[in-house]
Every structure is written in structure tokens, then in C-alpha cells.
There are 2 protein chains.
Amino acid sequence: MIDHIHRQHPQVPVILDSKRGDIGSTAEQYAIEAFERYKADAVTVNPYMGFDSIEPYLKYADKGVIVLCRTSNPGGSDLQFLEVNEENNVAKEQLYQRVARLAANRWNKTGQLGLVVGATFPDEIAKVREIVGEMPLLIPGIGAQGGDIPSTVKAGTVQGSPGTGMIINSSRAILYASQDSKFANAARQVAIATRDALRAAKA
Amino acid sequence: MIDHIHRQHPQVPVILDSKRGDIGSTAEQYAIEAFERYKADAVTVNPYMGFDSIEPYLKYADKGVIVLCRTSNPGGSDLQFLEVNEENNVAKEQLYQRVARLAANRWNKTGQLGLVVGATFPDEIAKVREIVGEMPLLIPGIGAQGGDIPSTVKAGTVQGSPGTGMIINSSRAILYASQDSKFANAARQVAIATRDALRAAKA
């Protein structure tokens with residue numbers, strides 16, 4: 001399927017949302033799977049095991065590596081909202097903010113990193129944007145999960161560069177737009193409506 | 001291969017160390033893969049996305065679900081050693097300790113949970129044991145990573161029940177015991193030596 005997208009729509013990047021997180025030697029193999037076998041353009045990764053679980057993906061210089069930061073699932077706050085103490089002149093903040101800071105200040109040596117921040121929390125998108133500067137944010141949650149498009153776009157905007165630094169995706173709302181035999185057309189309609197709403201919000 | 005182990009050695013549990021962590025609907029599918037397709041006896045999971053990324057596995061009542069807590073890879077401390085503030089009468093502690101506490105006090109409603117705690121840190125195994133009582137600990141790191149067997153066993157022992165509550169594994173040291181054609185025998189020798197050292201430490 002990724003091959004089909006690349007052939008038919010070469011301008012569309014494919015992000016493999018596999019959320020892997022494992023020791024370096026295993027991460028190397030996952031990187032081979034994602035980038036050589038599937039030929040994805042970017043992957044999502046889990047930060048719980050730290051930088052050596054992320055580093056092997058960065059050897060693929062033209063690929064993106066998008067770190068889970070603030071996820072919009074019901075249990076997303078269980079760890080991500082824990083308050084982490086001050087350290088090395090960084091004030092106390094929530095764990096997802098510290099992950100954003102680690103990614104921006106320590107892990108992003110090659111400029112390939114991005115962060116996942118759910119659209120259901122525009123205030124938190126704004127906090128992450130403040131920490132990470134121009135780093136791209138992958139923002140799920142505007143479809144099935146009901147995130148508001150205008151406030152999402154406003155919160156994620158890079159100061160001075162409107163329309164950059166955000167990949168806002170809708171998956172289930174498009175994939176499952178209809179259960180009947182006209183599902184392809186229904187999906188197309190939802191995709192177009194979503195695109196138009198995003199364009200309007202950007203303006 | 002799992003099928004082969006179950007047929008030939010039905011007393012040996014198979015743990016799928018897949019370290020998955022995803023939203024509930026995706027975790028449901030991963031649970032089907034691990035327990036119905038592969039027929040593993042337990043899986044490892046990543047806690048960063050919280051309880052709903054763990055809960056779907058618990059529907060399989062006879063299976064184990066082992067949560068990453070303190071991992072022994074070089075970047076393991078990046079997040080797991082962050083100091084988390086006091087909350088609900090719990091004193092400040094490091095993130096891996098808070099994960100142990102969440103797992104033991106809030107997530108383990110069915111008694112199916114365990115925790116991954118690396119053998120390279122006996123003091124931290126002891127801290128986790130103090131938090132979680134009798135919960136089983138999966139302890140990697142005594143082989144290729146050089147964790148000390150006697151101090152690991154001592155730190156992980158459940159008070160009053162020596163020899164319970166620990167699954168201590170060695171993977172690479174056994175799998176890659178030799179590169180030549182006698183690799184099977186070399187692996188067997190390392191496995192036997194490891195078993196004997198564990199038995200001696202338990203006594």
C-alpha cells in the first residue's frame with residue numbers, strides 16, 4: 001500500500017504510526033523494517049526507553065522520526081501529566097513538556113525529529129510549540145476524537161511562519177466514513193471537508 | 001516457534017517481548033496477535049500511553065501482561081529517572097517507581113500484571129519490590145549486560161517467599177553463545193550454567 005501511494009501520489013509523505021520503543025539493537029531492526037522494507041517516510045516512536053531507542057532511526061538521513069509526547073487517548077494523562085521536578089535550571093513541568101524539551105534540546109541533533117501532540121488539547125499544543133520552536137508537530141485527534149480545527153491550528157502555529165510545522169491528520173473519521181459500498185466516496189467527501197476546514201483555519 | 005515450545009516443553013511459559021504501547025483499539029488488535037495468533041503466555045507493554053493501552057490485554061484472563069518499568073539500556077534513565085513530585089499522599093520519587101506504584105495500586109485489578117526491571121540495577125529492583133509486594137518481576141540483564149546474579153536474586157526476593165516473584169532471563173548470552181556450527185551445544189552450556197547460578201543464588 002505504501003508503495004502504491006508513493007507511485008501514484010509521490011508528493012504525499014507516508015508516516016508509519018508504529019509507536020515502537022525498544023533497545024538499540026532491536027530499534028535498528030525496526031528501522032530497517034520501517035524504512036527499507038516498508039519504505040515509509042517517517043515513523044512514530046515511544047520515548048519511555050530514552051534516546052538509544054530513538055537514535056537508530058536517525059541514521060536514515062532523509063526520514064522523519066516522530067516522538068510520542070502528548071497523546072489524546074483516555075489514559076494519556078496517566079504518565080504524561082505527572083509533574084516532573086526542576087532540574088538543570090529547567091522549572092518543574094509535566095512529563096510531556098519534559099519529553100518535548102529533551103527532544104528539542106538533546107535528541108534532535110540532526111533535525112529529523114517531530115512530536116505527536118493530540119488535537120484534543122490545544123493549550124498543550126501551544127505549550128509544546130513554545131518549548132520546541134519550529135519542530136514539526138504531528139497532530140491527531142481532529143476527526144473521530146473531536147478536536148477543534150481552528151483552535152488546533154492557532155495553537156500549533158510557528159510564530160512568524162503560519163502554515164508550517166504541523167501535520168494534522170484524521171484517520172478513523174476518513175477510513176470509516178461509511179460502512180456501505182460507497183465507502184470510497186464517503187471517505188473522499190470527509191477528506192475534502194477536513195482539508196477545506198484546515199485551509200480555512202490557516203488563513 | 002512458540003507452537004514448537006508449547007508442544008515440546010509445555011511447562012515453559014513464552015513471553016513475547018514486543019513492548020507495544022498504543023491506543024485501546026490498536027492494543028486490542030495487538031492482544032489478538034500476541035495471544036490468539038502467536039499464543040504467547042505473556043507480553044511486555046510500554047506504559048507511556050497509560051492504562052487504556054494496557055487494559056485490552058487483560059481480557060485474556062490466563063495471560064500475563066508485563067509493564068516496562070526500569071529498563072537497563074543506556075537511555076533507560078532519560079525518562080525513568082526523572083523525579084516526579086508528590087501527589088495524593090505519595091512522596092516524590094523517580095518515574096520508574098511511580099510506574100511501579102500505578103501498576104500495583106491502580107492497574108493490577110485482575111492480578112495479571114508484572115513489571116520489567118533490569119538486573120543491572122539491584123538497588124532499583126529492591127525499591128520496586130518494596131512498592132509492589134508480590135508482583136512478578138521480569139528481570140533481564142544478567143547475561144550480555146553483565147548484571148550480577150546473587151545481588152539480583154537478593155534484591156528481587158519477595159519477603160517470606162524466597163524463590164517466587166521473579167522471572168530472570170538471559171537472551172543474547174544464550175542465543176549468541178557461539179557463532180560456529182556447535183552453537184546449539186554452546187547455547188545449552190550457557191543456559192545450564194545460568195540456571196545453576198540462579199539456583200545457587202536462591203539457596
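### Some points on the relation of the copies chain A and chain B
Then, number 1: Once chain A has been moved 0.0 Å along the axis and rotated by 180 degrees, it coincides with chain B to within an RMSD of 0.0 Å. Given the turn and translation reported, the copies of this chain are related as if by a two-fold rotation axis. For chain A, the residue whose C-alpha comes nearest the rotation axis is A:V84, separated from it by 2.2 Å.
Then, number 2: Mapped onto chain B, 100% of the interface residues of chain A again fall at the interface, so both copies present the same surface.

### Topic: the environment of B:R106
Then, number 1: Locating B:R106 in the fold gives a position in helix α4 (residues 95–107).
Then, number 2: Sequence separation between B:R106 and B:F51 is 55 residues, and the spatial gap between their C-alpha atoms is 9.0 Å.
Then, number 3: Not counting residues up to four positions away in its chain, the partners in contact with B:R106 are A:D78 and B:R101.

### Brief notes about the packing of helix α4 (residues 95–107) of chain A against helix α5 (residues 122–132) of chain A
Residues and elements named next belong to chain A.
Then, number 1: At their nearest, the axes of α4 and α5 sit 9 Å apart, and the two run at 30 degrees to each other. When the interaxial angle is binned, α4 and α5 end up roughly parallel. Both α4 and α5 take part in a crossing whose hand is right-handed. The segment α4 lies against α5, with Y96, Q97, A100, R101 and A104 engaging E124, K127, V128, I131 and V132.
Then, number 2: Here the residues of the contact of α4 with α5 are counted per class, giving six nonpolar, one polar and three charged.

### Observations regarding α5(A)
Residue and element names in this part refer to chain A.
Then, number 1: The complete set of buried residues in α5 reads E124, I125, V128, R129, I131 and V132. The arc that holds every buried residue of α5, seen down its axis, measures 160 degrees, which confines them to one face. The exposed residues of α5 that point more than 90 degrees off its buried face are D123 and E130.
Then, number 2: Following α5 by one or two positions, G133 has its phi on the positive side, about 65 degrees.

### Let's talk about the pairing of strand β6 (residues 113–117) of chain A
All names here are of chain A.
Then, number 1: Judged by how many residues are buried, β6 sits mostly within the fold: five of five residues are covered.
Then, number 2: Alternating positions in β6 separate into two faces, L113, L115 and V117 on one and G114 and V116 on the other, with burial throughout.
Then, number 3: Taken together, the five bridges between strand β3 (residues 64–70) and β6 define a ladder with parallel strand orientation. Across the sheet, the residue bridging to L68 is V116, located in β6.
Then, number 4: A crossover connection joins β6 to the parallel strand β7 (residues 137–140) through α5; in handedness this β-α-β unit is right-handed.

### What about the nonpolar core?
Then, number 1: Among the nonpolar cores identified, the biggest contains 100 residues, and A:L115 and B:L115 are the most heavily contacted of them.
Then, number 2: If we ignore the near neighbours within four places in the chain, the residues touching B:L115 are B:I66, B:V67, B:C69, B:A100, B:A103, B:V128, B:V132, B:M135, B:P136, B:L137 and B:L138.

### A closer look at the packing of aromatic side chains
Then, number 1: On inspection of all chains with the given rule, the structure shows eight aromatic pairs over all chains.
Then, number 2: Between A:F81 and A:Y96, the aromatic rings sit 6.0 Å apart at their centres with planes inclined by 25 degrees, giving stacked as the arrangement. Placement of the pair is A:F81 in the loop between α3 (76–80) and β4 (83–84) and A:Y96 in helix α4, with a sequence separation of 15 residues.
Then, number 3: When its relative accessible area of 0% is taken as the criterion, A:Y96 is described as buried.
Then, number 4: Of the aromatic side chains, those joined through ring pairs into one cluster are A:F35, A:Y57 and A:Y60.
Then, number 5: Looking at A:R20, its charged tip hangs above the ring of A:Y30, at a distance of 5.0 Å from the centre.
Then, number 6: For B:R70, the ring lying beneath its charged end belongs to B:Y96, and the centroid distance is 5.9 Å.

The rules we used
- Residues numbered from 1 in each chain as written.
- Chains lettered and ligands numbered in written order.
- Predicted model: local features only at pLDDT ≥ 70, side-chain atom pairs only at ≥ 80, totals over all residues.
- Heavy atoms only, no water.
- Least-squares fit on C-alpha atoms with pLDDT ≥ 70 in both.
- Contact = heavy atoms within 4.5 Å.
- Helix = DSSP H or I, 4+ residues; strand = E, 2+ residues; numbered from the N terminus.
- Axes fitted to C-alpha atoms, helices over the stretch in contact; angles between N-to-C directions.
- Parallel < 35°, antiparallel > 145°, perpendicular 65-115°, else oblique.
- Left-handed = near helix turned anticlockwise from the far one by under 90°.
- Nonpolar A, V, L, I, M, F, W, Y, C, P; charged D, E, K, R; others polar.
- Buried < 20%, exposed > 50% of the residue type's maximum accessible area, 1.4 Å probe, protein only.
- Arc of directions from axis to C-beta.
- Pairing = 2+ DSSP bridges.
- Right-handed = clockwise from strand over helix to strand, strands pointing away.
- Core = buried A, V, L, I, M, F, W, Y, C linked by side-chain atoms within 4.5 Å.
- Phe/Tyr/Trp six-rings, centres within 6.5 Å; stacked < 30°, edge-to-face > 60°.
- Lys NZ or Arg CZ within 6 Å of the ring centre and 35° of its normal.

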